[in-house]
Amino acid sequence: MYIFSGGSIMDIIKKKTGTELLVKVVGRLDTNTAPDLESSVLPDFKTCKKLILELGELDYISSAGLRVILTFYKMLSADGKTMVVKHVNDEVMEVFDMTGFSSFLVFEE
Amino acid sequence: MDLHSQFILDQYKENINSFKTIEKIVKKELESYVQDFGFLVNSIETRIKTYDSLEGKLELKGYKYQTLKDITDIMGGRVVTFYNDQVELFAAKIEANFDIDWENSVDKRRILKLDQFGYLSRHYICSIPKKMYFDPEHPEINEFRFEIQLRSILQHTWASIHHDTGYKNDIEVPRDILRALNRLAGLLELADDAFSSIRNQLEDYRRRVKQIVKSGDFESVDLDFDSYNAYLDNGGFSEINKKIATINNMEIEPASLRVFFEVFKSLGFHTLKDLDDFAKNNSYLAYEFAVRQFAGKDVDIITETTGPLTLCIVYILSQDMGVNIIKLLLDTVYGPRKNNDTLAKKYTAIGKSMGLGIHASGDEQHE
């Protein structure tokens, strides 16, 4: 699903295997695109036990993007479910590090 | 199987659903006590005697029972607490909420003579009072009796091992074995009291530490996990987080600071005063460092880890400990990761731009 919003482009690719939901986010996750990621993924939470956020091709994340990821993390943790963030590039990891998000997110290569 | 015992077994089959209802009510009631007390217990178990087990019991002593209602252990519940004084709390709740058949209930502690040691436990024979549950179509639910056992985990250990010997009562046990078992019962009774005493001491200590931390007298308090938590509860690093948050008018998201306890111990802090001095003395540098990190970035959210992490970074750099220690810090806080090395170098570079860590040794070898 391509999202072109307010000059930002983001692509979301979702794949569900059993109770595992893989969400690949490509492009920019910012004020314009973050609400679309939230509305696209949240409905799947009822049936998902593990969320894998594949961020290998995410070029940029802003505070709005961080807040959506925090929402995912909080909702899943509250239900005893897990979230894993994969293949984060150096630029995005820098944002996770400086904000302290790295201290609670679970990363995988 | 004689006809009388068969009659009781038929009654059992007819009433099995009522026992299942009793089991559910009892379990829910016992679990609600745990909620009320606010402490954990080792286990709450309930079970219904199987048909085969009842058949075996009736074969041995079926003559003792007129009807199924005379058998008091068809449904049984057991609470195993961690501490022996918690048994008393459960006992009080059970006595207050269930109908108790006192004639058949046993407090094993009262049976033992003062110079005897052995099984200490409470066995209540109860029934469900109408105020707890009543179904006019099934009045038998309030008539069947059942047993609730209360034990501490050490009493449970002793009873389980004693049971494993296969003897039904002490008279069957060889004298030397019985003596060894009873000696052990005495030892466990002492241990039970000692565990309760340790818990009481710990609770007292935590209360005391909280009061001292509140009073601000940090010098007299050793840095341990309890005093650290009291320090955090008392505001801890909120000042530095608030200061950093002013940079981009950032929102501060709560986060666990547990991992930093290990860091502070590694940095050689022995008292809360060491920790508080560290937080106060490095506050300005940490703010400066954060300005260089955040200024101009589209980031308006941080977690509570940002303050203590930044304080640690500037402290390590100002003490010329070098990039390797920064990497060690990141390994501890984030777990070992490939990019901790790059990040440590980046933080060291920011520090150097502030005039920090310029005399550090080891950086060259690392790079």
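Residues numbered from 1 in each chain as written. Chains lettered and ligands numbered in written order. Predicted model: local features only at pLDDT ≥ 70, side-chain atom pairs only at ≥ 80, totals over all residues. Heavy atoms only, no water.

> What should I look at first to understand the overall build of chain B in this one?
A count of helical and extended segments in chain B gives 15 helices and eight strands. The globule rule puts the C-alpha radius of gyration for 367 residues at 21 Å, and the 32 Å found for chain B is more than 25% above it. The buried share of chain B, reckoned over its 367 residues, is 46%. Restricting to contacts in chain B with at least 6 residues of sequence separation, those with at least 24 account for 74%. Here chain B has roughly 19,800 Å² of accessible surface; of this, 51% comes from carbon and sulfur atoms. (Helix = DSSP H or I, 4+ residues; strand = E, 2+ residues; numbered from the N terminus. Rg over C-alpha atoms; globule rule 2.2 N^0.38 Å. Buried < 20%, exposed > 50% of the residue type's maximum accessible area, 1.4 Å probe, protein only. Contact = heavy atoms within 4.5 Å. Areas by Shrake-Rupley, 256 points an atom, 1.4 Å probe, with all protein chains shown as cover.)

> What is the right way to read the overall build of chain A from this model?
A tally of regular secondary structure across chain A gives three helices and seven strands. Ordered by position from N to C terminus, the α and β elements of chain A give β-β-β-α-β-β-α-β-α-β. Whereas a compact globule of 109 residues would reach a radius of gyration of roughly 13 Å, chain A reaches 13 Å, a difference of no more than 12%. When its C-alpha atoms are laid out on the principal axes, chain A stretches across 35 × 30 × 20 Å. Relative to its 109 residues, chain A shows a buried fraction of 50%. Taking the contacts inside chain A whose residues are at least 6 apart along the sequence as the reference set, 64% of them involve residues at least 24 apart. Of the accessible surface of chain A, which amounts to about 5,000 Å², a share of 54% is contributed by carbon and sulfur atoms. Averaging the positions of the 12 positive and the 16 negative side-chain charges in chain A gives two centres separated by 10 Å. (Lys, Arg positive; Asp, Glu negative; His and termini not counted. Charge placed at Lys NZ, Arg CZ, Asp CG, Glu CD.)

> Would you explain the interface of chain A and chain B in this entry?
Opposite the 20 residues of chain A that make contact, chain B presents 20 residues. Here chain A meets chain B over a buried area of about 1,700 Å², counting both sides, of which 51% is carbon and sulfur. Across the chain A-chain B interface, the total number found is seven salt bridges. Among the ionic pairs, Arg 337 of chain B bridges to Asp 97 of chain A, the shortest N-O distance being 3.1 Å. Between chain A and chain B we count twelve residue pairs in polar contact (both at pLDDT 80 or more) in total. (Buried area = accessible area lost by both parts, 1.4 Å probe. Salt bridge = Lys/Arg side-chain N within 4 Å of Asp/Glu carboxyl O. Polar contact = N/O pair within 3.5 Å; in protein donor to acceptor, adjacent residues only side chain to side chain.)

> Any chance you could explain the packing of aromatic side chains here in plain terms?
Each aromatic ring pair is specified by the distance between its two centres and by the angle formed by the two planes. Enumeration according to the criterion identifies 25 aromatic pairs over all chains in this entry. Plain terms: the ring middles of Phe 225 of chain B and Phe 261 of chain B are 5.4 Å apart, the flat faces sit at 70 degrees to each other, and that makes the pair edge-to-face. Here Phe 261 of chain B lies in helix α9 (residues 258-266) and Phe 225 of chain B lies in helix α7 (residues 225-233), a separation of 36 residues in the sequence. Taking the relative accessible area as the measure of exposure, Phe 261 of chain B reaches 17% and is therefore buried. One aromatic cluster is present, formed by Phe 218, Phe 225, Tyr 228, Tyr 231, Phe 237, Phe 260, Phe 261, Phe 264, Phe 269, Phe 278 and Tyr 315 of chain B through successive ring pairs. Above the ring of Tyr 60 of chain A, the side-chain terminus of Arg 28 of chain A is found at 4.2 Å from the ring centroid. The cationic tip of Lys 69 of chain B hangs over the ring face of Phe 144 of chain B; the distance from NZ or CZ to the ring centre is 5.9 Å. (Phe/Tyr/Trp six-rings, centres within 6.5 Å; stacked < 30°, edge-to-face > 60°. Lys NZ or Arg CZ within 6 Å of the ring centre and 35° of its normal.)

> Please explain the confidence of the model for chain B as it appears in this structure.
Detailed conclusions should not be drawn from predicted coordinates in areas where pLDDT is low. Residue and element names in this part refer to chain B. With 93% of its residues at a pLDDT of at least 70, chain B reaches an overall mean of 89. By mean pLDDT, the top-scoring element of chain B is strand β1 (residues 43-48) (97), and the lowest-scoring one is helix α15 (residues 363-366) (47). Here the predicted complex scores 0.73 on pTM and 0.85 on ipTM. (pLDDT = per-residue confidence, 0-100.)

> Even after reading the chapter, I still don't get the nonpolar core, so can you show me in this structure?
Grouped burial of nonpolar side chains is what soluble globular proteins tend to show. With 85 residues, the main nonpolar core has Leu 37, Leu 51 and Phe 96 of chain A together with Phe 237, Phe 264, Leu 275 and Phe 278 of chain B as its most contacted residues. Looking at this core, the element that brings in the most residues is helix α12 (residues 306-318) of chain B, giving eight residues. Those residues in contact with Phe 264 of chain B that lie beyond four places of it in its chain are Leu 223, Tyr 228, Phe 237, Phe 269, Leu 275, Phe 278, Pro 308 and Cys 312 of chain B. Residues Val 41, Ile 48, Val 87 and Ile 141 of chain B belong to the second largest nonpolar core, which totals 36 residues. (Core = buried A, V, L, I, M, F, W, Y, C linked by side-chain atoms within 4.5 Å.)

> What exactly am I supposed to notice about the packing of helix α11 (residues 283-294) of chain B against α12 of chain B here?
What describes two packed helices is the angle between their axes and the distance between those same axes. Residue and element names in this part refer to chain B. Put simply, α11 and α12 touch, their axes get as near as 9 Å, and they point 105 degrees apart. One finds that α11 runs roughly perpendicular with respect to α12. Residue-level inspection shows Ser 283, Leu 285, Ala 286, Phe 289, Ala 290 and Phe 294 of α11 in contact with α12, the latter providing Thr 306, Thr 310, Leu 311, Ile 313, Val 314, Leu 317 and Ser 318. (Axes fitted to C-alpha atoms, helices over the stretch in contact; angles between N-to-C directions. Parallel < 35°, antiparallel > 145°, perpendicular 65-115°, else oblique.)

> Got a minute to help me understand the environment of Ala 279 of chain B in this structure?
All names here are of chain B. By the secondary structure assignment, Ala 279 is in helix α10 (residues 272-281). Residue classification places Ala 279 among the buried residues on the basis of a relative accessible area of 11%. When the C-alpha atoms of Ala 279 and Asp 331 are compared, they prove to be 21 Å apart, with 52 residues separating the residues in sequence.

> Looking at this structure, I do not really get the pairing of strand β2 (residues 75-81) of chain B. What am I missing?
Each regular strand shows side chains that alternate between the opposite faces of the sheet. Residues and elements named next belong to chain B. Here β2 lies mainly inside the structure; six of its seven residues are buried. One ladder, built from six bridges, connects β2 with strand β6 (residues 146-152); its direction is parallel. In the strand pairing of β6, Gly 76 is matched with Glu 147. (Pairing = 2+ DSSP bridges.)

> What exactly am I supposed to notice about the pairing of strand β4 (residues 50-54) of chain A here?
All names here are of chain A. In terms of burial, β4 is a largely internal element, four of the five residues being buried. Pairing analysis gives five bridges linking strand β3 (residues 20-29) to β4, with the strands arranged parallel. Within β4, the residue paired with Lys 24 across the bridge is Glu 54. You can see the chain leave β3, run along helix α1 (residues 34-41) and come back into β4, and the turn it takes is right-handed. Where β4 lies against strand β6 (residues 82-86), five bridges are found, and the strand directions are parallel. When the sheet's bridge partners are listed, Glu 54 is paired in β6 with Lys 86. (Right-handed = clockwise from strand over helix to strand, strands pointing away.)

> Help me understand the confidence of the model for chain A in this model?
Put simply, chain A has an average pLDDT of 89, and 93% of its residues get 70 or more. Ranking the elements of chain A by mean pLDDT puts strand β1 (residues 2-5) of chain A last with 55 and β6 of chain A first with 96.

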